[in-house]
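The primary structure of each chain is shown beneath.
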Amino acid sequence: MKLNIGCGPSFEGDVRVDTRRTKAVNLIADAHFLPFKGESFSEVICTEVLEHVESPIKVLKEIKGVMRKNGFVLLTVPNLTELRRILSIAKNPLRVRHIKTDHKQGWDAIEFSRLAFQVGLRVVKIDWTDWYGRTRMKEKFKFLNPLLKRILPKPLYYTHMKIICQK
């Protein structure tokens, strides 16, 4: 069975959990206190959730608890090493982009690997992606994207990290 934590409008997963009701949600629950027996799911999806919670360690422990042995969790979080983010901070450290977001924390690949290790999850793969797509983003120099995509390493170009961990 597949669990989707913070599913929002997505119908992916057999059990779809969120803190607010949508058509896709079959259970309202807090990710800090998952109401399932241990080792109930072989796969867990948790996209764009961890940066919003009070305690990502507690949430990851809950995820690990409901995962079967050798189960996988797919997570996505914003990429703090994106070049545009770094340049924005370097240009004006007091005016950080997207300051009004409800993100409570963030990670780069190394720090996220540490976080996963602390709760007993093994990072199997980290990849980078544009979660919301570049075409919808408001960027001053969009015409440079094809060039930047070719010359920059993925951790500097893409806006989000896609992480697969195993129990």
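Caption draft 1: Summary view of the overall build of the protein chain. When helices and strands are counted, the protein chain shows five helices and seven strands. Ordered by position from the N terminus, the helices and strands of the protein chain form the series β-β-β-β-α-β-α-α-β-α-α-β. Against the compact-globule benchmark of 15 Å for 167 residues, the protein chain has a radius of gyration of 17 Å, which places it among compact chains. Along the three orthogonal principal directions, the C-alpha set of the protein chain runs to about 50 × 35 × 30 Å. Looking at the protein chain residue by residue over its 167 residues, the buried ones come to 40%. Sequence separation of at least 24 residues holds for 71% of the intrachain contacts in the protein chain that already meet a minimum separation of 6.

Caption draft 2: Region of the structure containing the sheet that holds strand E1 (residues 2-5). Across the sheet, seven strands lie side by side as E3-E2-E1-E4-E5-E7-E6; this open sheet has mixed pairing. Edge positions in the sheet fall to strand E3 (27-28) and strand E6 (122-129), since each of these pairs with one other strand and no more. Here three bridges tie E1 to strand E2 (residues 15-18), and the two strands are oriented parallel to one another. Note on E2: the bridge partner recorded for Leu3 is Val15. Taken strand by strand, helix H1 (residues 56-66) contacts E1, strand E4 (41-47) and strand E5 (67-78), and its axis lies near 145° from that of E5.

Caption draft 3: Geometry of unusual backbone geometry. One non-glycine residue, Glu48, lies in the positive phi region at around 55°. Here Glu48 is to be found in the loop between E4 and H1. Judged by relative accessible area, Glu48 falls into the buried class, the value being 12%.

Caption draft 4: Just the nonpolar core, in detail. Core analysis: the biggest nonpolar cluster contains 35 residues, and Leu3, Val44, Leu50, Leu60, Ile63, Leu75 and Phe112 have the highest contact counts within it. What Leu75 contacts, discounting residues up to four positions off in sequence, is Cys46, Leu50, Leu60, Phe112, Met161, Lys162, Ile163 and Cys165.

Caption draft 5: The arrangement of the environment of Pro93 in detail. Along the chain, Pro93 turns up in the loop between helix H2 (83-91) and helix H3 (109-119). Taking the C-alpha atoms as reference points, Pro93 and Lys104, 11 residues apart in sequence, are found 18 Å from one another.

Cut-off values and rules
Residues numbered from 1 in each chain as written. Predicted model: local features only at pLDDT ≥ 70, side-chain atom pairs only at ≥ 80, totals over all residues. Heavy atoms only, no water. Helix = DSSP H or I, 4+ residues; strand = E, 2+ residues; numbered from the N terminus. Rg over C-alpha atoms; globule rule 2.2 N^0.38 Å. Buried < 20%, exposed > 50% of the residue type's maximum accessible area, 1.4 Å probe, protein only. Contact = heavy atoms within 4.5 Å. Pairing = 2+ DSSP bridges. Axes fitted to C-alpha atoms, helices over the stretch in contact; angles between N-to-C directions. Core = buried A, V, L, I, M, F, W, Y, C linked by side-chain atoms within 4.5 Å.

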